[in-house]
Amino acid sequence: MSVLDFSYMAQLAPYLLTKLPITLGMASAGMLCALVLASLLAVIRVTRPPVLNQLTLLFISFFRGTPLLVQLFLFYYGLPQIFTSLVKVDGITATILGLTLHFSAYMAESIRAAIAGVDRSQTEAALSIGMTQGQLMRRIVLPQATRIAVPTLMNYFIDMIKSTSLAFTLGVTELMGATQKDASSSFMYFEAFLTVAIIYWVVVELLSRLQKMLEHRLNRAYAR
Amino acid sequence: MITLSRLVKTFGNSTVLDGIDLTIEKGEIIVVIGPSGTGKSTLLRCINMLETPDSGEISLNKLRIDFAKASRAEQLALRRNTAFVFQNYALFANRTARDNVAERLIVVDGWPRARAHARAMELLERVGLGDRGNAYPSALSGGQQQRVGIARAMAADAEVILFDEPTSALDPEWVEEVLGVMKQLASQRQTMMVVTHEMQFARDVADRVIFMEGGRIVEQGPPDQLFSDPKDPRTRSFLRKVLGTSA
Ligand SMILES: Nc1ncnc2c1ncn2[C@@H]1O[C@H](COP(=O)(O)OP(=O)(O)OP(=O)(O)O)[C@@H](O)[C@H]1O
Ligand SMILES: [Mg+2]
């Protein structure tokens, strides 16, 4: 067993870092879309409009009940066979789509729980001054639910960053894909994957710090 | 003037309000008393349409609403013309004291932000909180929170302010400052309907005291008369309980 080849790692790391924007870009885009979709699904789950509610339940059940990798393959390889106009869907778009749908199913549930966690008196006070349902959701309930949901949602974001590594199976040269390619020509698998592991680790650690700061900030404003 | 007629409210198969008829004159201060579970809160909540009555009518200004078939627009109109002060204050936790008061002016009445903020500060000044405008509810004492709650209700410029046991959740030390603000409002002839156990407040401030039991108005009259010479045996027995032997 040989010692780690540090010079290879030192040379690989800067190259891999140039792929970090693709990884973070997919995760950020996925997170933003998932937040919007999840909020919508959560509001449907809270207000329970007849047909939409059942459809939402079905959606959530499917995307929580199947592996993300299967969903990605379904979008990337499967969909273009059915909708021929989708032939041009590239790996990055398919990944963002997959991450969005998959994670929104989970996030909808935590946002729903956070909305339910906002004290009933807040809704009553808003109604009593004559706000509409939309106004009270937007101005009173959702902002307070956000504070409750932020820690969980940040965890999903971290999870999402790690999940972008699956994009390499769709031919995207993000962090993981780039590592895989480099390793298969250098044959230094251990060094290569250790390097990429450390990069993911550092990114996630930094985000955890940011998460703590964000929570502190949100709580400072109106802690109970 | 506000007129309620034949107001009925049921929850499941229990009739909580059993045909309430009531007229509230402009500038009148009404105190509602009665045993627990009698429908006092429900009555106030129906007037603000936090509860939807089964049947009955309300007229208020040009509004005439048949509760049995109230439209969403009528519901909003009624809520906007009546203000509510909650037992547990129910201040918006994500808004400062000033913004709690300004919220409705901005969102419901469409005032420009700056004007709404100025008005909110004016109202906070009047409840003695001119220096706490930037504080979030969590940083305020119970008494301060309830005074913000009253300022928020005042901002509505409503036909009536409905108080549901505004001092019941307060530590004793904060009760007087809240009652003080309410007395000041009363002296300006703000129409008020107050559910409370503060009998001294009722004696000092009310134009009329209403005794409710079992979802009905049993007896009403000026405080002097109702407290010293109650006609109905139920009123007498209730007053004996809450006032000791003095009734
Ligand atoms: N949302 C509700 N669902 C079912 N029953 C209710 C509801 N709200 C009130 N009630 C019932 O209606 C009755 C009247 O309640 P209400 O709160 O109006 O009484 P109250 O006179 O305000 O009593 P208290 O002095 O205890 O505040 C009670 O029996 C109560 O249990
Ligand atoms: Mg009550």
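Cut-offs and rules
- Starting afresh in each chain, residues are numbered from 1 along the sequence in its written order.
- Ligands are numbered from 1 and chains lettered from A, in the order in which they are written.
- In keeping with the model being predicted, local features are shown solely for residues with a pLDDT of at least 70 and side-chain atom pairs are shown and tallied solely at 80 or more, while totals for entire chains, interfaces and linings include all residues.
- The basis for every side-chain value is the complete set of non-hydrogen atoms in the structure, without hydrogens or water.
- A run of H or I in DSSP becomes a helix once it reaches four residues, and a run of E becomes a strand once it reaches two; helices and strands are each numbered from the N terminus.
- Between buried and exposed lies partly exposed: a residue is buried under 20% and exposed over 50% of the maximum accessible area for its type, with that area taken using a 1.4 Å probe on protein chains only.
- In short, Shrake-Rupley with a 1.4 Å probe defines the accessible areas, and a residue's cover is counted only from the protein chains shown.
- Contacts between residues were defined by any pair of non-hydrogen atoms, one from each residue, lying within 4.5 Å.
- Buried area: the accessible surface (1.4 Å probe) lost by two parts on joining, summed over both.
- When a carboxyl oxygen of Asp or Glu is within 4 Å of a side-chain nitrogen of Lys or Arg, the pair counts as a salt bridge.
- UniProt positions are given in the numbering used here, feature names are shortened, and annotations may be inferred rather than shown by experiment.
- Strands were regarded as paired on the criterion that DSSP finds at least two bridges between them.
- For helices, the axis comes from a line fit to the C-alpha atoms of the stretch in contact; other axes are also lines fit to C-alpha atoms, and the angle between any two N-to-C directions lies between 0 and 180 degrees.
- The pairing test for Phe, Tyr and Trp rings, Trp by its six-membered ring, is centres within 6.5 Å, and the orientation test on the planes gives stacked under 30 degrees, edge-to-face over 60, and tilted for anything in between.
- A positively charged side chain is recorded as over a ring if its NZ (Lys) or CZ (Arg) lies within 6 Å of the ring centre. The angle to the ring normal must also be within 35 degrees.
- A helix is expected to span 1.5 Å multiplied by its residue count minus one.
- An arc is given here, and it is the one of the directions from the helix axis to the C-beta atoms.
- When we say a residue is near a molecule or strand, we mean one of its heavy atoms is within 4 Å of it.
- For the purposes of these results, a polar contact is taken to be a pair of N or O atoms within 3.5 Å, where, inside protein, one atom must be able to donate a hydrogen and its partner to accept one; residues adjacent in sequence count only when each atom of the pair is a side-chain atom.

Chemist: What's the story with the overall build of chain A in this structure? I'm lost.
Modeler: A count of helical and extended segments in chain A gives nine helices and zero strands. Ordered by position in the sequence, the α and β elements of chain A form the string α-α-α-α-α-α-α-α-α. Each principal axis of the C-alpha distribution contributes one length, and for chain A these read about 70 × 50 × 25 Å. Here chain A holds 224 residues, and 44% of them are scored as buried. By element, 68% of the accessible surface of chain A is carried by carbon and sulfur atoms, the whole surface being about 11,700 Å².

Chemist: Can you walk me through the interface of chain A and chain B in this structure?
Modeler: How big an interface is tends to be stated in terms of the accessible area lost upon association of its parts. Contact residues are listed per partner, giving 20 residues for chain A and 23 residues for chain B. Across the chain A to chain B interface the summed buried area is about 2,100 Å²; carbon plus sulfur atoms make up 55%. Looking at the side of chain A facing chain B, the largest losses of area belong to Ser128(A), Ile129(A) and Arg139(A), adding up to 30% of the total buried there. Inspection of the region where chain A meets chain B yields two salt bridges. Salt-bridge contacts for Glu103(B) lead to Arg139(A); the nearest nitrogen and oxygen are separated by 2.5 Å.

Chemist: Is there a simple way to think about the UniProt feature "domain: ABC transporter" (unreviewed entry) in chain B in this case?
Modeler: Taking the UniProt record as the reference, the feature "domain: ABC transporter" (unreviewed entry) is found at residues 2-239 of chain B. Strand forms 26% of residues 2-239 of chain B and helix 39%; the C-alpha atoms that close the span are 28 Å apart.

Chemist: How should I be thinking about the sheet that holds strand E4 (residues 55-60) of chain B in this particular structure?
Modeler: Remark on secondary structure: sheet strands pair via backbone hydrogen bonds, oriented parallel or antiparallel. Residue and element names in this part refer to chain B. Spatially, the four strands line up as an open sheet ordered E2-E1-E4-E5, and their pairing is antiparallel. At either margin of the open sheet sits one strand with a lone partner, and together these are strand E2 (14-24) and strand E5 (63-66). Between one strand and the next, the sheet's axes are offset by a mean angle of 15°, whatever the strand orientation. In this sheet, E4 lies alongside strand E1 (residues 2-11) in antiparallel orientation, the contact comprising five bridges. Bridge pairing in E4 places serine 5 opposite glutamate 57. Relative to the sheet, helix H1 (residues 40-47) contacts E1, E2 and E4, its axis offset from that of E1 by approximately 120°. Against the sheet, helix H2 (residues 72-81) touches E4 and E5, its axis set at about 125° to E5.

Chemist: I'm lost on the packing of aromatic side chains in this one. Help?
Modeler: Aromatic rings considered in pairs are described by the distance between their centres and by the relative angle of their planes. Summed over the entire model, instances satisfying the criterion amount to ten aromatic pairs over all chains. Summarising the aromatic geometry, the rings of Phe59(A) and Phe63(A) are spaced 4.7 Å apart at their centres and angled 45° between planes, so their arrangement reads as tilted. Placement of the pair is Phe59(A) and Phe63(A) together in helix H3 (residues 50-65), with a separation of four residues, close to one helical turn. Judged by relative accessible area, Phe63(A) falls into the buried class, the value being 8%. Consider the rings of Tyr106(A) and Tyr156(A), whose centres lie 6.1 Å apart with planes at 40°: the pair is tilted. Placement of the pair is Tyr106(A) in helix H5 (residues 91-117) and Tyr156(A) in helix H7 (residues 133-163), with a sequence separation of 50 residues. Classification of Tyr106(A) as partly exposed rests on a relative accessible area of 25%. Judged by its relative accessible area of 18%, Tyr156(A) is buried. In this structure an aromatic cluster arises from ring pairing among Phe59(A), Phe62(A), Phe63(A) and Phe75(A). Above the face of the Trp111(B) ring, Arg115(B) is positioned so that its terminal group lies 3.9 Å from the ring centre. Arg152(B) extends its terminal NZ or CZ atom over the ring of Phe92(B), reaching a point 4.8 Å from the ring centre.

Chemist: What exactly am I supposed to notice about unusual backbone geometry here?
Modeler: Residues other than glycine predominantly adopt negative phi, and peptide bonds predominantly adopt the trans conformation. All names here are of chain B. The backbone phi angle of arginine 6 is positive, close to 45°, even though this residue is not glycine. One can find arginine 6 in strand E1. The exposed category is assigned to arginine 6, whose relative accessible area is 51%. Positive phi, close to 55°, is recorded for aspartate 157, a residue that is not glycine. Among the structural elements, aspartate 157 can be located in the loop between helix H5 (142-155) and strand E7 (160-164).

Chemist: When you look at helix H6 (residues 172-187) of chain B in this model, what are you seeing that I'm missing?
Modeler: Residues lying three or four places apart along an α-helix face the same way, a consequence of the helix completing one turn every 3.6 residues. All names here are of chain B. End to end, H6 covers 24 Å across 16 residues, agreeing with the expected 22 Å (1.5 Å per residue, within 8%). Taken together, the buried positions of H6 are occupied by Val175, Val178, Leu179, Val181, Met182, Leu185 and Ala186. Angular distribution of buried residues about the axis of H6 spans 155°; they occupy a single face of the element. H6 presents Glu173, Glu176 and Ser187 as exposed residues on the side facing more than 90 degrees away from its buried surface. Looking at the buried side of H6, the elements it contacts are strand E3 (29-33), H5, E7, strand E8 (192-195) and helix H7 (199-205). Where H6 terminates, the next one or two residues include arginine 189, which has phi positive at roughly 60°.

Chemist: Got a minute to help me understand the site of ligand 1 in this structure?
Modeler: All names here are of chain B. Every residue close to ligand 1 is listed here: Phe11, Val16, Pro35, Ser36, Gly37, Thr38, Gly39, Lys40, Ser41, Thr42 and Glu165. With respect to ligand 1, the side chain of serine 41 contributes an N or O atom lying 2.7 Å from an oxygen atom. Top element by residues in the shell around ligand 1 is H1. It accounts for three residues.

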